[in-house]
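Chain and residue survey
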Amino acid sequence: MNLYVKIVTLVLLCTVIGCDAQDSWEKIQSDGELVVVTRNSPTTYYLDKNGPTGFEYALTRLLAEEMGVALKIETASNLNDLFAQLKDQKADIAAAGLTLTEGRAARYPHTIAYNQLTPQVIYVAGTFRPRSVSDLTTMNIAVVAKSSHADTLYTLQQNQAPELRWQEIDEADTMHLLELLKLGQADIAIVDSNEFAVQQSLYPRQKVAFDLHEEQDMVWYLAPEIDNTRLTIFINAYLERLKNNGTMARLREQHFGHTDGVSRISAHVFTQNMRQTLPLYRRLIRQVAKEYQMDWHLLAAIAYQESRWDPNATSPTGVRGMMMLTKPTARELGVENRLDVTQSLRGGARYLKDLKRRLPKRLQEPDRTWMALAAYNIGLGHLEDARVITQRQGGNPDLWQDVMQRLPLLQDSKYYEKTRYGYARGKEAVTLVQNIRHYYNILAWQDIPDNQPIPPLRSEDYIPNEIDNLQLQTF
Ligand code: GLU
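Residues numbered from 1 in each chain as written. Predicted model: local features only at pLDDT ≥ 70, side-chain atom pairs only at ≥ 80, totals over all residues. Heavy atoms only, no water.

Next up on the list: the overall build of the chain. On a plain count of helices and strands, the chain comes out with 22 helices and 13 strands. When the 475 residues of the chain are sorted by exposure, 55% land in the buried category. Sequence-distant contacts, at least 24 apart, represent 70% of the contacts inside the chain between residues at least 6 apart. On the chain, roughly 22,000 Å² of surface is accessible, and the fraction owed to carbon and sulfur atoms is 48%. (Helix = DSSP H or I, 4+ residues; strand = E, 2+ residues; numbered from the N terminus. Buried < 20%, exposed > 50% of the residue type's maximum accessible area, 1.4 Å probe, protein only. Contact = heavy atoms within 4.5 Å. Areas by Shrake-Rupley, 256 points an atom, 1.4 Å probe, with all protein chains shown as cover.)

Spatially, β9-β8-β10-β7-β11 is the arrangement adopted by the five strands of the open sheet, whose pairing is mixed. The strands lining the two open edges of the sheet, one partner per strand, are β9 (166–169) and β11 (206–211). For this sheet the average axis-to-axis angle between neighbouring strands, irrespective of direction, equals 35°. Examined bridge by bridge, strand β8 (residues 141–144) and strand β10 (residues 188–192) share two bridges and lie parallel to one another. In the sheet register, A142 faces β10, and the bridge partner there is A189. (Pairing = 2+ DSSP bridges. Axes fitted to C-alpha atoms, helices over the stretch in contact; angles between N-to-C directions.)

Moving on to the nonpolar core. Generally speaking, soluble globular proteins have nonpolar side chains that are buried together. Ranked by internal contacts, the top residues of the largest apolar core, which has 60 residues, are I285, L298, L299, I302, W309, L345 and L407. Sorting elements by how many residues they give to this core places helix α21 (residues 426–446) first, with nine residues. Residues within four places of L345 in sequence aside, it is in contact with L284, I285, V288, L299, A303, M322 and M323. Core analysis: the next-biggest nonpolar cluster, separate from the first, contains 34 residues, A96, L98, A113 and L177 among them. (Core = buried A, V, L, I, M, F, W, Y, C linked by side-chain atoms within 4.5 Å.)

What follows concerns the sheet that holds strand β13 (residues 221–222). An order of β4-β1-β5-β13 is seen for the four strands of this open sheet, with the pairing classed as mixed. Looking at which strands have only one partner, the edges of the open sheet turn out to be β4 (70–75) and β13. Pairing between strand β1 (residues 33–38) and β4: six bridges, direction parallel. Residue V36 lies in a different strand from β4, and its bridge partner there is I73. Along the sheet, helix α3 (residues 55–67) makes contact with β1, β4 and β5 (93–94), crossing β4 at roughly 145°.

For the rest of this paragraph, the subject is the confidence of the model for the chain. With 86% of its residues at a pLDDT of 70 or more, the chain has an overall mean of 86. Here residues 452–475 scores under 50 on pLDDT; set against residues more than four positions off or in separate chains, the count is 37 contacts. (pLDDT = per-residue confidence, 0-100.)

Another aspect to go through is helix α16 (residues 341–358). Helix length check: α16 (18 residues) gives 26 Å between terminal C-alpha atoms against 26 Å at 1.5 Å per residue, within 8%. Those residues of α16 not exposed but buried are V341, S344, L345, G347, G348, A349, Y351, L352 and L355. Buried-residue contacts for α16 involve α13 (278–291), α14 (296–307), α15 (327–333), α17 (367–378) and α18 (380–392). Where α16 starts, the residue carrying a side-chain oxygen 3.0 Å from the main-chain nitrogen of T342 turns out to be D340. (Expected span 1.5 Å × (residues − 1). Polar contact = N/O pair within 3.5 Å; in protein donor to acceptor, adjacent residues only side chain to side chain.)

This next bit is on the packing of aromatic side chains. Evaluation of the coordinates by the stated rule reveals 14 aromatic pairs. When the ring of F83 is compared with that of Y221, the centres are 5.6 Å apart and the planes differ by 70°; the resulting orientation is edge-to-face. Placement of F83 in helix α4 (residues 79–87) and of Y221 in strand β13 is noted, with a sequence separation of 138 residues between them. Neither F83 nor Y221 differs from the other in exposure class; each is buried. Judged by centre distance (4.8 Å) and plane angle (85°), the rings of Y304 and Y439 are edge-to-face. Within this pair, whereas Y304 is found in helix α14, its partner Y439 is found in helix α21, the two being separated by 135 residues in sequence. (Phe/Tyr/Trp six-rings, centres within 6.5 Å; stacked < 30°, edge-to-face > 60°.)

With that settled, consider the site of the ligand. By nearness alone, 14 residues border the ligand, and G97, T99, R104, S148 and D192 come closest of all. At 2.9 Å from a nitrogen atom of the ligand is found a main-chain nitrogen or oxygen belonging to G97. At a separation of 2.8 Å, an oxygen atom of the ligand approaches a polar side-chain atom of R104. Put simply, the parts of the chain that give the shell around the ligand at least two residues each are α7 (148–159) and β10. Along the lines of polarity and charge, the residues of the shell around the ligand split into four nonpolar, six polar and four charged. (Near = heavy atom within 4 Å. Nonpolar A, V, L, I, M, F, W, Y, C, P; charged D, E, K, R; others polar.)

The buried fraction of strand β7 (residues 119–124) amounts to six of the six residues, a majority that puts the element mostly inside the structure. Of the two faces of β7, the one lined by P119, V121 and Y123 and the one lined by Q120, I122 and V124 are each fully buried. Inspection of the sheet shows β7 paired to β10 by four bridges, in the antiparallel sense. Bridging across to β10, P119 finds its partner in D192. One ladder, built from five bridges, connects β7 with β11; its direction is antiparallel. What sits directly across from V124, in β11, is Q206.

This part is about α17. Compared with an ideal rise of 1.5 Å per residue, which puts twelve residues at 16 Å, α17 spans 16 Å between its outermost C-alpha atoms and is within 8% of the ideal. Among the twelve residues of α17, eleven are classified as buried, and the element is accordingly described as predominantly covered. Of the surrounding secondary structure, the elements contacted by the buried residues of α17 are α14, α16, α18, α19 (400–406) and α21.

Two elements in contact, α3 and helix α11 (residues 247–256), have axes separated by 9 Å at closest approach and are oriented at 150°. Both α3 and α11 take part in a crossing whose hand is right-handed. Counted together, F55, A58, L59 and L62 of α3 and T247, M248, L251, R252, H255 and F256 of α11 form the full contact between these two elements. Residue classes in the contact of α3 with α11 are distributed as seven nonpolar, two polar and one charged. (Left-handed = near helix turned anticlockwise from the far one by under 90°.)

This is how it looks when you write it as structure tokens:
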């Protein structure tokens, strides 16, 4: 928006709402803090061992920084409470993966869209799979109370399917819906695509039946009955800038990207192993991670990716042990017996640490770790080749998101013939890193008691035979 348009908008808005109303921008500046109300969930805001994190948290923290004020996060236990806090001006903005709906827009000012998500119909594999809205009329549907999805169902009931019925769950986190499905207390849950992708690993039997609606805009809502003119212009320009300079894509990748490419079956096997095998090695993994000053969840995730936590794992190519070290690497690392769990874990941790140290200084975390992991698989030389290709193609060689798109090119003669180190199984390296990121996220999430309102699933309770057979075929 150019300056002229901004001024005209400002004048028009002043005429409509009256410029005597208190100005939210000034209030935030004089309080020295931006108050954001959100939901505690893995896609919005939660605490990990380094403190607060989540997509909405990252976005609003940057915003507060740019406004030169502190960020204060308030959480709401359900959407009713969330909008009540906004209405009572207890918060300046609501940032919680909220869909733009007509009803909300009539009551609350909002920003431009910063993300697009698809509402999905989720069912349990092995039960009846609905394929259209008319199939839903006989089913027990669960949605978050006061959610955009409840609105959508209402519209469908009015216009298309009068028999449609649903239960509204008064919780902020959609994990509760998936839990109902797991317990057999609902047949269907309606959930946004990113939320399902992130939570599915904990509910491996649940699947998307169909999209309830096309993609919808996510927006931030602002407190009503206050002059938001300046604040809205500032936030919209901020969001626009983040979209244009790639920050938005990077944050999206960081918070949701780890779910790409991990199949439902492997997620299912992981959850099962996490409960059965990991407890045998958790103490040791923690101890070794401490020795090498690394996050134990990461070491555990790598060990799982390499050997499924099997200390005796052996591949036909002669790679061995829990961390699957080659003979020369093991020798270099001083590992005498690769089948000794402690030695193997120490070797792997040290190898990763060495690789990280050898990467260019300017690589920032977490990209630095993801690149080191790719190098763990294909070596630093090939990683460097992929970074060179990335740069040549106009990408940023310091961002994992950009490099991971070029790694598979190392398998294509058009590219690898012109690189220094030649052919490499780049695609496999990407899969490995994405899997580790995914496992890491589940382990880290599970390990925070506050994030675990739901008892762990006892997978043996409900794994149907056909999935067990599939697992055997896959692994
Ligand atoms: N996007 C939903 C809303 O705005 C909340 C998330 C969900 O229920 O999946 O109401």
